[in-house]
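# Structural description and commentary
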Amino acid sequence: MTSLLIIIVLVLFAVALWQLTKIFDLTQVGSNIDNTQVASDRDNNVQGYIMFAFLAFVYILTIYGLIVWGPLVLHTSASEHGDTVDNLMNITWVLIFIVQFITQGLLHYFAFKYRGDKDKKALFFADSNKLEAVWSIIPSIVLACLILYGLYAWNNIMFVDKDEDVIEIELYAQQFKWTARYAGPDNVLGKANVRLIEGINTLGVDMSDPYAQDDIVVSELHIPKGKKVHFKMRSQDVLHSAYMPHFRAQMNCVPGMVTEFAFIPTYTTSEYRELPYMIEKVANINSLRAKKSEELVANGEVALDPYAFDYLLLCNKICGSSHYNMQMKIVVDTPEDYKKWLSEKTSLAIDIRNAAPAPGQPTATPADSVIAADSTEVVKVAMK
């Protein structure tokens, strides 16, 4: 209803403005007005100075953005290949700013210098081989260097030797959560298919595959520092994108196919929390949260919890209404802590076996129900 009222007000405001314009035109009847469509020298001068003003606006906005939003960019990379990605990004940014500064300056300068003048006549020439060569060869060389460096970085990042000692982990995407599957002691992931999803086997793992017997399914991702982790990614429903910003890693998760990405973590979670920039960032976030909490408490609401840094796996594709909340915590452990954590997990085969009814025990059906009348009543279980 509020939106409808706002639309009605805007329409009425536009009609009123149109009527005022018509009244203004009527008041100008009989006055000496220059209705010519040809720009005068004064018009050209005004436009020339406006071009310079707009150039100043572009430069000021660029500098302002660097100062205000520059600190918000990702800082230290937490993976071995991250430095290469950051170097490529920084080189690209520097080139963009240099090209913007030069081309925008020349564009607006020439627009001012060669603005219309009744005492000057424009010189027309069909082409200039020298100019064509300059603005074709120089960008080609720069772009070729960027592309070659990018391909070099891509090949180094994506290449995984078959004989290389890696940890095999599957990232399974579905609206709107992530699940991880570890290959187990054999370091080979069992086969899986969405058609096999049943009960607690929410990933559709083929339990007839011998390699699947030791697979471990978890909802919190743990990886060891200094060890290459090879991720294989699947999607159950729509297109998702596995995005781990601090590791400079992103790969689309496509229904019906398996995509992959690998990297070596270089900081444990506790080590990254102790980096000076992260300490400062967390302190700033908690300062903002404290101010917001004061407002919430004053209004009778619950205060915000203090923020603590954690690596996150996010979805970087708009995959539905709860896309913003599709994330999973990533913990980078020391190799010893990682082995200890993994040893405490049970395999999916054991979980399925424990969930199965014992021989002779009646199988639960949809007719089974649990009825809770209130907090004081005994919970009644209806079994078929």
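Residues numbered from 1 in each chain as written. Predicted model: local features only at pLDDT ≥ 70, side-chain atom pairs only at ≥ 80, totals over all residues. Heavy atoms only, no water.

Let us now look at the packing of helix α2 (residues 41-69) against helix α3 (residues 82-113). Where α2 contacts α3, the two axes come as close as 8 Å, and the packing angle between them is 165 degrees. As far as their axial angle goes, α3 and α2 are roughly antiparallel. Regarding α2 and α3, the two cross each other, and that crossing is left-handed. Contacts between α2 and α3 involve Gly48, Tyr49, Met51, Phe52, Phe54, Leu55, Val58, Tyr59, Thr62 and Leu66 from the former and Phe97, Gln100, Phe101, Gln104, Gly105, His108, Tyr109, Ala111 and Phe112 from the latter. Here the residues of the contact of α2 with α3 are counted per class, giving 13 nonpolar, six polar and no charged. (Axes fitted to C-alpha atoms, helices over the stretch in contact; angles between N-to-C directions. Helix = DSSP H or I, 4+ residues; strand = E, 2+ residues; numbered from the N terminus. Parallel < 35°, antiparallel > 145°, perpendicular 65-115°, else oblique. Left-handed = near helix turned anticlockwise from the far one by under 90°. Contact = heavy atoms within 4.5 Å. Nonpolar A, V, L, I, M, F, W, Y, C, P; charged D, E, K, R; others polar.)

Quick look at the sheet that holds strand β5 (residues 229-235) now. Two modes of strand pairing occur in sheets, parallel and antiparallel, and in both the strands are linked by backbone hydrogen bonds. In spatial order, the strands read β3-β2-β1-β5-β8; together these five strands make up an open sheet with mixed pairing. On the outer flanks of this sheet lie β3 (216-218) and β8 (259-263), each paired with one strand and no other. Within this sheet the neighbouring strands show an average axis-to-axis angle of 25 degrees, counted without direction. Sheet topology note: the β5/β8 ladder contains five bridges and is antiparallel. Bridging from a neighbouring strand, phenylalanine 231 pairs with phenylalanine 261 of β8. Taken strand by strand, helix α7 (residues 335-343) contacts β1 (167-174), β2 (177-182) and β3, and its axis lies near 95 degrees from that of β2. (Pairing = 2+ DSSP bridges.)

Assignment of secondary structure puts proline 306 in the loop between α6 (276-298) and β9 (311-315). Looking at proline 306, the relative accessible area reads 69%, which means it is exposed. It is 9.1 Å that separates the C-alpha atoms of proline 306 and valine 282, two residues lying 24 residues apart in sequence. (Buried < 20%, exposed > 50% of the residue type's maximum accessible area, 1.4 Å probe, protein only.)

Turning our eyes to something else, we now look at the confidence of the model for the protein. Averaged over every residue, the pLDDT of the protein is 85; the share at 70 or more is 90%. Below a pLDDT of 50 lies the segment residues 364-384, which in the model reaches 13 contacts outside its immediate sequence neighbourhood of four places, other chains included. (pLDDT = per-residue confidence, 0-100.)

Turning next to α3. A rise of 1.5 Å per residue sets the reference length of α3, with its 32 residues, at 46 Å; its end C-alpha atoms lie 46 Å apart and thus fit the reference within 8%. Within α3 the residues assigned to the buried category are Gly82, Asp86, Gly105, His108 and Phe112. As for α3, its buried residues are in contact with α2. (Expected span 1.5 Å × (residues − 1).)

Moving on, we get to the environment of aspartate 333. Looking at the element boundaries, aspartate 333 is found in strand β10 (residues 327-333). In this structure the C-alpha to C-alpha distance between aspartate 333 and proline 224, which are 109 residues apart in sequence, comes to 4.9 Å. Those residues in contact with aspartate 333 that sit more than four places away from it in its chain are His222, Ile223, Pro224, Lys225, Thr268 and Tyr338. A polar atom in the side chain of aspartate 333 sits 2.7 Å from the side chain of histidine 222. (Polar contact = N/O pair within 3.5 Å; in protein donor to acceptor, adjacent residues only side chain to side chain.)

Okay, the pattern of salt bridges next. Under the counting rule described, the total for this entry stands at 10 salt bridges. With a closest N to O distance of 3.1 Å, arginine 181 and glutamate 170 form a salt bridge. Of this pair, arginine 181 sits in strand β2 while glutamate 170 sits in strand β1, and the two are 11 residues apart along the sequence. Across the pair, glutamate 170 and arginine 181 agree in class, each one buried. One salt-bridge network, in which partners are shared between bridges, spans Glu170, Arg181, Asp215 and Arg234. (Salt bridge = Lys/Arg side-chain N within 4 Å of Asp/Glu carboxyl O.)

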